[in-house]
There are 2 protein chains.
Amino acid sequence: MAAGAGELKLLGFWASPFMHRVQMAMHLKGMTGYEYVEEDLMNKSELLLSSNPAHKKVPVLLHAGKPVCESMLIVQYLDEAFPAAGPAFLPADPHARALARFWASFVDTNFFGSWIKAIVATTDEERAAANGAAAAALETMEGAFEECSKGKAFFGGDGPGFVDLALGGFVAWIRAYQKVAGADCGLLVADRTPLLAAWADRFAALDAARAVVPDVGRLAEFASRDMLPLLHHLLGKAGK
Amino acid sequence: MAAGAGELKLLGFWASPFMHRVQMAMHLKGMTGYEYVEEDLMNKSELLLSSNPAHKKVPVLLHAGKPVCESMLIVQYLDEAFPAAGPAFLPADPHARALARFWASFVDTNFFGSWIKAIVATTDEERAAANGAAAAALETMEGAFEECSKGKAFFGGDGPGFVDLALGGFVAWIRAYQKVAGADCGLLVADRTPLLAAWADRFAALDAARAVVPDVGRLAEFASRDMLPLLHHLLGKAGK
């Protein structure tokens, strides 16, 4: 266990891909001794509401009682607050750091921002349009993979880095979605994004992913039954 | 002029609040010797399209030919690539850094994300709802100001920092909007957010803001005439 990890408490939800990013990051850094608190998102704890009053969302990392919110900001915080623990996820070079932050932000805005619209769509037309935008964002990420990885296995080089965690949090969820949607939605498939499809296999095979992320079948079961009521609850009440 | 600033080229648009963030940051760091290139957003240059192919947006900072995109990522880049130039915008403490990044992101997502909907709204009802959400986001920022400034003049303490630049980029634009909208839209006004209203006066009085940001009257004239066609052009064509 890394120094100071005993003062860490993570507020999460077992199926949250944003929480998985943080848990994978902590696993990769060897910070496995933290306290995990599962939140009931239908009835959030006082600790979650007071730790993240602006968004009221998981994940929240409490370090010696002080909250850090937003998954990729938590990942940066781990790099900066525990520099001696495991690999740094952001590279040392300023330009490479800016590039990694840019693509991680693109994953959230352009890929996830479109994909969530496909997930909650109420008409086939709306779903197809949103799904198409999500697939297009992954095609852009195919180029980003070439730019960042420079022929190595991960966006971060030989090992997973900042962009790997950003996109990697969605790998199992994308597979669960394909299972539930019943049709080929064209996300992370070899004929559209061959480099990313191979990357996704490598990412899912990492110890950190296998230790943290629920299996695709369990996510698919959740997606087909409990997810939509939960999403509508969270979106409809602005996450309260 | 700071070391290396001669290799810097900034692609911008005179009225862009995102570009103003970067120009103010460079002014505060004493990096005034860069080359500025004004973009025609109705007919973007090949250099802009090839420097930011994913979003095709200004500002882009080219440093020795390598592009850095997204205003707040450029500000972080300036801190990291030119550590000897002027004040650092992000604090040194990891938790304070995470907090500054969190609130800067909140400004973009919750304040600007709502406000732009008010600006392009086509019905009064839609405009009032979006404007209300923007005002609510500023009320949340009022609390953030107390949390970050700890009684000092700026979010960043005695001098402007990361969150000051994020929100400060909008100060003149909010004032121009109030002028054009003709009604009190309740943004940055003393009876709703007294701390922020006083902060906005201090921010607008900074040399860096006065040197960079066009005056409110000129922005208001642009807003009442050329802005909406431009915004519809940019949003309708996904910024192409």
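Residues numbered from 1 in each chain as written. Chains lettered and ligands numbered in written order. Predicted model: local features only at pLDDT ≥ 70, side-chain atom pairs only at ≥ 80, totals over all residues. Heavy atoms only, no water.

Draft legend 1. Looking closely at helix H11 (residues 227–236) of chain B. All names here are of chain B. Every buried residue belonging to H11 is among Met227, Leu230, Leu231, His233 and Leu234, and all of these are buried. The buried side chains of H11 occupy one side of the element, clustering within an arc of 160° when seen end-on. The exposed set on the far side of H11, more than 90 degrees from its buried face, consists of Leu235 and Gly236. At its buried positions, H11 is contacted by helix H4 (94–120), helix H7 (171–181) and helix H10 (216–225). (Buried < 20%, exposed > 50% of the residue type's maximum accessible area, 1.4 Å probe, protein only. Helix = DSSP H or I, 4+ residues; strand = E, 2+ residues; numbered from the N terminus. Arc of directions from axis to C-beta. Contact = heavy atoms within 4.5 Å.)

Draft legend 2. Spotlight on the interface of chain B and chain A. Counting from both sides, the interface comprises 23 residues of chain B and, opposite them, 23 residues of chain A. With both chains or domains summed, chain B and chain A bury close to 2000 Å², and 67% of this area falls on carbon and sulfur atoms. In this structure, the connection of chain B to chain A is made through four salt bridges. Between B:Glu80 and A:Arg101 there is a salt bridge whose closest N-O contact spans 3.0 Å. Taken together, chain B and chain A are joined by eight residue pairs in polar contact (both at pLDDT 80 or more). Contributions of two or more residues to the side of chain B that touches chain A are made by strand S4 (66–69), helix H3 (71–81) and H4 of chain B. Partitioning the side of chain B that touches chain A into residue classes produces twelve nonpolar, six polar and five charged. (Buried area = accessible area lost by both parts, 1.4 Å probe. Salt bridge = Lys/Arg side-chain N within 4 Å of Asp/Glu carboxyl O. Polar contact = N/O pair within 3.5 Å; in protein donor to acceptor, adjacent residues only side chain to side chain. Nonpolar A, V, L, I, M, F, W, Y, C, P; charged D, E, K, R; others polar.)

Draft legend 3. Quick peek at the pairing of strand S3 (residues 60–63) of chain B. Residues and elements named next belong to chain B. Burial along S3 is two-sided: Val60 and Leu62 and Leu61 and His63, pointing in opposite directions, are all buried. Examined bridge by bridge, S3 and S4 share four bridges and lie antiparallel to one another. When the sheet's bridge partners are listed, His63 is paired in S4 with Lys66. What sits between the antiparallel neighbours S3 and S4 is a turn of two residues, in which Ala64 has the positive phi angle 50°. (Pairing = 2+ DSSP bridges.)

Draft legend 4. Spatial organisation of the nonpolar core. Judged by nonpolar contacts, the single largest core of 174 residues is most densely connected at A:Phe111, A:Trp115, B:Phe111 and B:Trp115. In this structure, A:Trp115 is in contact with A:Ala134, A:Phe170, A:Trp173, A:Ile174, A:Tyr177 and A:Leu187, ignoring residues within four places of it in sequence. (Core = buried A, V, L, I, M, F, W, Y, C linked by side-chain atoms within 4.5 Å.)

Draft legend 5. Structural detail: the relation of the copies chain B and chain A. The operation relating chain B to chain A is a screw motion whose rotation component is 180°, with 0.0 Å of axial translation and a residual RMSD of 0.0 Å. In the structure described here, the two chain copies are related by an operation that fits a two-fold rotation axis. Interface residue correspondence from chain B to chain A reaches 100%, placing this contact among same-surface, isologous pairings. (Least-squares fit on C-alpha atoms with pLDDT ≥ 70 in both.)

Draft legend 6. Structural detail: the packing of aromatic side chains. Counted under the stated rule, the structure contains 32 aromatic pairs over all chains. Look at A:Trp115 and A:Phe170: their rings are 6.0 Å apart centre to centre, the planes differ by 85°, and that puts the pair in the edge-to-face class. Taken together, the positions of A:Trp115 in helix H4 (residues 94–120) and A:Phe170 in the loop between helix H6 (162–168) and helix H7 (171–181) put the pair 55 residues apart, joining distant regions of the chain. In this pair, the class of A:Trp115 matches that of A:Phe170, namely buried. Seen in terms of ring centroids, B:Phe18 and B:Phe170 are 5.6 Å apart; in terms of plane orientation they differ by 90°. Their pairing is edge-to-face. Residue B:Phe18 is found in helix H1 (residues 17–28), and its partner B:Phe170 is found in the loop between helix H6 (162–168) and H7; the two are separated by 152 residues along the sequence. For B:Phe170, a relative accessible area of 0% translates into the label buried. Chaining the aromatic ring pairs together yields one cluster made of A:Phe18, A:Phe111, A:Phe112, A:Trp115, A:Phe170 and A:Tyr177. Just above the ring of A:Trp14 sits the side chain of A:Arg218; from NZ or CZ to the centre is 3.9 Å. (Phe/Tyr/Trp six-rings, centres within 6.5 Å; stacked < 30°, edge-to-face > 60°. Lys NZ or Arg CZ within 6 Å of the ring centre and 35° of its normal.)

Draft legend 7. Just helix H8 (residues 194–204) of chain A, in detail. All of the buried residues in H8(A) are A:Leu196, A:Ala197, A:Trp199, A:Ala200 and A:Phe203. When H8(A) is viewed along its axis, its buried side chains cluster within an angular range of 160° and face the same direction.

Draft legend 8. Layout of the environment of B:Gly113. Residue placement: B:Gly113 occurs in helix H4. Note: C-alpha distance between B:Gly113 and B:Lys150 (37 residues apart in sequence) is 27 Å.

Draft legend 9. Layout of the domain arrangement of chain A. Residue and element names in this part refer to chain A. According to the domain assignment, chain A contains domain 1 (5–81) and domain 2 (94–230). Computed over C-alpha atoms, the centres of domain 1 and domain 2 are 21 Å apart. Tallying the contact residues gives 18 residues for domain 1 and 27 residues for domain 2. Where domain 1 abuts domain 2, roughly 2000 Å² becomes buried across the two surfaces, and 78% of that area is made up of carbon and sulfur atoms. Ranking the residues of domain 1 by area buried against domain 2 places Trp14, Arg21 and Met24 at the top, with a combined share of 32%. A salt bridge links Arg21 to Asp108, with the shortest nitrogen-to-oxygen separation between them at 2.6 Å. (Domains from an automatic or database assignment.)

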